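# Breakdown of the fold
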Amino acid sequence: MVALPAVFAAGKLGCPIRCVLTREEDMISSGTRSSMLFKYKVWFNAAGDLLGLDVKLWINAGCTMDFSCAVLERAMMHVQNCYNIPNVRVTGWTCKTNTVSNTVYRGSGSPQATMMAEKMIREISRVLKVDYVDLIARNLYREGQKTFYNQKILNCNVERCFKECLETSNYRKRLQKVTNFNENNRWKKRGITILPTMFGAGFVPVFLNQAGALVHVYTDGSVLLTHGGVEIGQGLHTKMVQIASRVLGIPMEKIHIAETATDKVPNATTTSASSSSDLNGPAVIAACQKIIDRLAPYKEKFPEETWEKWVSRAYMDRIQLSATGFFKQSDIGYDWEKNEGNAWYYFVFGAACAEVEINCLTGDHVVKRVDIVMDCGSSMNPAVDIGQIEGAFVQGYGFYTMEETLYEPNGRQITRGPSNYKIPGFNDIPEEFYVSLLTGAPNPRAVYSSKAIGEPPLHLSSSVFFAIQEAIFAARQENGIQGEFEFNVPATAARIRMACCDKFTEMVKTNDDEDKKKYWSVQA
């Protein structure tokens with residue numbers, strides 16, 4: 001969208017052209033995370049066992065298809081979150097609308113879908129008048145069970161994550177404190193909630209599950225590494241250097257990374273689906289192993305010498321000190337017609353507990369505390385993984401609570417800059433933020449028993465949304481209002497304030513019905 005006009009102008013004018021968008025131009029043209037509408041029916045018995053689920057979902061693709069079908073597919077495969085529901089039917093549509101084309105974004109449809117499952121669990125608990133925590137524990141996937149798309153769940157750690165999060169967060173004691181707080185405060189209410197998550201790592205299209213790498217060793221012993229993944233702050237280069245260092249047996253300081261380029265590693269798979277380490281890591285191992293195999297005779301003959309000396313001897317003997325590596329995931333591939341196969345290489349599990357405080361008069365809220373337990377397998381770099389968990393959570397927190405995109409009836413975007421589109425800032429970080437990694441849970445299906453961690457933690461930030469909803473329930477109950485109420489993402493200050501339903505919200509009315517219709521058409 002930016003490159004083509006510049007290329008066209010450069011060709012016509014015969015001179016270099018630079019194309020730079022303003023913030024407003026960028027926001028009204030680049031699209032957002034696809035909004036979704038879910039309608040579902042769920043069957044359950046008096047004991048709280050989930051028996052069946054029928055879901056219909058619509059995704060706002062915008063004016064072009066873009067990546068919307070893949071987003072829809074992932075959303076359809078995550079509507080059950082981590083709950084064992086034996087009978088599931090999911091039907092989805094991508095909708096062409098008059099807005100800018102929406103695109104894929106961190107989580108790719110799964111954050112919306114898993115949230116629907118959590119909303120469903122909470123509604124069932126209120127119907128049965130049981131604790132939703134007990135309902136969650138009763139219906140979690142167990143080892144060896146199959147998803148509704150017939151993939152067997154191996155190394156299932158979701159129950160461990162959930163129980164550990166319950167313990168480390170002191171959920172039961174804090175719930176009582178929240179109840180006491182609400183009984184003694186009229187215009188401030190608190191809510192606390194806990195939820196688990198499950199994410200399928202990898203690409204459903206089989207051809208995308210491949211990667212390449214290129215390793216150069218120079219005569220001074222330094223190493224130049226190139227792989228097919230793009231570093232966008234997620235620590236991918238750090239992990240690839242760690243892998244090369246481990247295989248080659250040299251310090252990380254000797255290894256340098258070259259940014260991804262198609263003249264070094266061709267046909268690279270997109271850096272997404274939380275699978276960049278899983279794909280590029282084995283490719284790096286394959287390339288480094290070739291180097292090690294070529295240096296093996298020198299290491300055996302001169303065991304007392306150093307890496308640099310072995311490299312020098314190999315060079316003098318005209319041994320190739322450059323190697324390529326290639327990797328393709330095996331045992332993956334899903335047949336949509338037969339509803340069988342492995343859609344994902346493995347599953348990532350986690351759980352989070354969030355506590356919030358809302359101001360019933362302004363709709364403002366504060367995240368008091370968040371506890372997260374995440375299954376990262378045998379983490380290659382805990383510092384990087386914890387950073388990813390924290391970052392994903394805060395990013396998802398923005399999506400669930402404040403990032404509201406508004407459009408005019410003709411599809412033109414109203415929210416075009418920081419003045420009317422709010423994203424999380426420093427003050428929005430939870431006052432207390434605890435992240436722990438599940439121990440003793442190696443993942444045999446990925447490089448060095450690790451697990452993907454880029455996208456799964458984003459699901460957990462919906463815990464803030466449901467904690468806000470619990471606080472609103474407390475406010476409504478004090479005002480004599482019972483039962484379910486409509487409360488959609490994002491949980492903005494305006495929506496929180498109006499959902500509290502008191503004598504002040506009753507005063508907010510438009511006198512003219514026509515004005516009311518115009519107002520809501522703009523908001524929609």
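Residues numbered from 1 in each chain as written. Predicted model: local features only at pLDDT ≥ 70, side-chain atom pairs only at ≥ 80, totals over all residues. Heavy atoms only, no water.

### Describing the sheet that holds strand β12 (residues 365–374)
In space, the four strands of this open sheet follow the order β4-β11-β12-β13, with mixed pairing throughout. Of all strands in the sheet, those bounded by a partner on one side alone are β4 (188–201) and β13 (432–437). Direction aside, the axes of adjacent strands within the sheet are offset by 15° on average. In this structure, strand β11 (residues 346–359) lies alongside β12, joined through nine bridges in antiparallel fashion. Its bridge partner being in β12, E357 is matched across the sheet by V366. This element, helix α11 (residues 382–401), spans β12 and β13 of the sheet and lies at about 130° to β13. (Pairing = 2+ DSSP bridges. Helix = DSSP H or I, 4+ residues; strand = E, 2+ residues; numbered from the N terminus. Axes fitted to C-alpha atoms, helices over the stretch in contact; angles between N-to-C directions. Contact = heavy atoms within 4.5 Å.)

### Describing the pairing of strand β5 (residues 210–217)
Residues in a regular strand project their side chains so that they alternate between the two faces of the sheet. Within β5, six of the eight residues are buried, which leaves it mostly tucked inside the rest of the structure. As paired elements, β5 and strand β8 (residues 322–328) share seven bridges and run antiparallel to each other. The residue bridging A213 from the neighbouring strand is G325, located in β8. Looking at chain direction, β5 and strand β6 (residues 223–227) are connected through five bridges and run antiparallel. Bridge assignment links H216 to a residue of β6, and that residue is L224. Linkage of β5 to β6, two consecutive antiparallel strands, is achieved through a turn of five residues, within which G221 is found at a positive phi near 95°. (Buried < 20%, exposed > 50% of the residue type's maximum accessible area, 1.4 Å probe, protein only.)

### Digging into the state of the cysteines
One pass over the full model with this rule turns up zero disulfides. The thiol sulfur of C69 is not disulfide-bonded, and the nearest other cysteine sulfur, from C95, lies at 11 Å. Taking the relative accessible area as the measure of exposure, C69 reaches 37% and is therefore partly exposed. (Disulfide = S-S within 2.5 Å.)

### So, the sheet that holds strand β1 (residues 36–44)
As summarised here, the arrangement of the three strands in space is β1-β2-β3, forming an open sheet in which the pairing is mixed. Looking at strand neighbours, the two that pair on one side only are β1 and β3 (87–96), the edges of this open sheet. Strand-to-strand, the axes of this sheet are offset by a mean angle of 5°, without reference to chain direction. Where strand β2 (residues 50–62) and β3 come together, ten bridges link them in parallel fashion. Bridging across to β3, L57 finds its partner in G92. Contacts from helix α3 (residues 68–76) reach β1, β2 and β3, with the element oriented near 160° to β3. Of the strands in this sheet, β1 and β2 touch helix α4 (residues 110–128), which is tilted by about 40° from β1.

### Digging into the side chain of N280
Tracing the chain through its elements places N280 in helix α9 (residues 276–301). Overall, N280 belongs to the buried group, its relative accessible area being 5%. Once residues lying within four places of it in the same chain are set aside, the contact partners of N280 are A211, G212, H227, G228, G229 and M240.

### Observations regarding the confidence of the model for the chain
Mean pLDDT over the chain stands at 93; residues scoring 70 or higher make up 97%. A low-confidence stretch, residues 518–524 stays under pLDDT 50, and its non-local contacts, those more than four residues away or across chains, total five contacts. (pLDDT = per-residue confidence, 0-100.)

### Thoughts on empty space enclosed by the protein
One pass over the structure, following the stated rule, counts one cavity of 30 Å³ or more. Taken together, 14 residues make up the lining of the largest cavity; nearest its centre are Q210, T269, T270, L279 and N280. Breaking the lining of the largest cavity down by element, the ones donating at least two residues are β5 and α9. Residues of the lining of the largest cavity, tallied by class, amount to four nonpolar, ten polar and no charged. (1 Å grid on protein atoms, 1.4 Å probe; cavity = no way out; pocket = protein on both sides within 12 Å on 5 of 7 lines; lining within 4 Å. Points joined across faces, edges and corners; volume = space filled by probe spheres on them. Nonpolar A, V, L, I, M, F, W, Y, C, P; charged D, E, K, R; others polar.)

### Quick word on the nonpolar core
By size, the foremost hydrophobic cluster in this structure holds 53 residues, and its most contacted members are L57, V79 and Y83. When residues of this core are assigned to their parent elements, the largest contribution, six residues, is made by α4. The next biggest cluster of nonpolar side chains, apart from the first, holds 43 residues, and it includes C376, F466, I496 and C500. (Core = buried A, V, L, I, M, F, W, Y, C linked by side-chain atoms within 4.5 Å.)

### Topic: the pattern of salt bridges
All chains considered together, the criterion is met by 30 salt bridges. The residue E355 makes a salt bridge to R190 at a minimum N-O spacing of 3.9 Å. Of the two residues, E355 sits in strand β11 while R190 sits in strand β4, which places them 165 residues apart along the sequence. One salt bridge in this structure joins K239 and D385, with 2.7 Å as the shortest N-O distance. Linking K239 in helix α8 (residues 236–248) with D385 in helix α11, this pair joins segments that are 146 residues apart in sequence. When its relative accessible area of 6% is taken as the criterion, K239 is described as buried. (Salt bridge = Lys/Arg side-chain N within 4 Å of Asp/Glu carboxyl O.)

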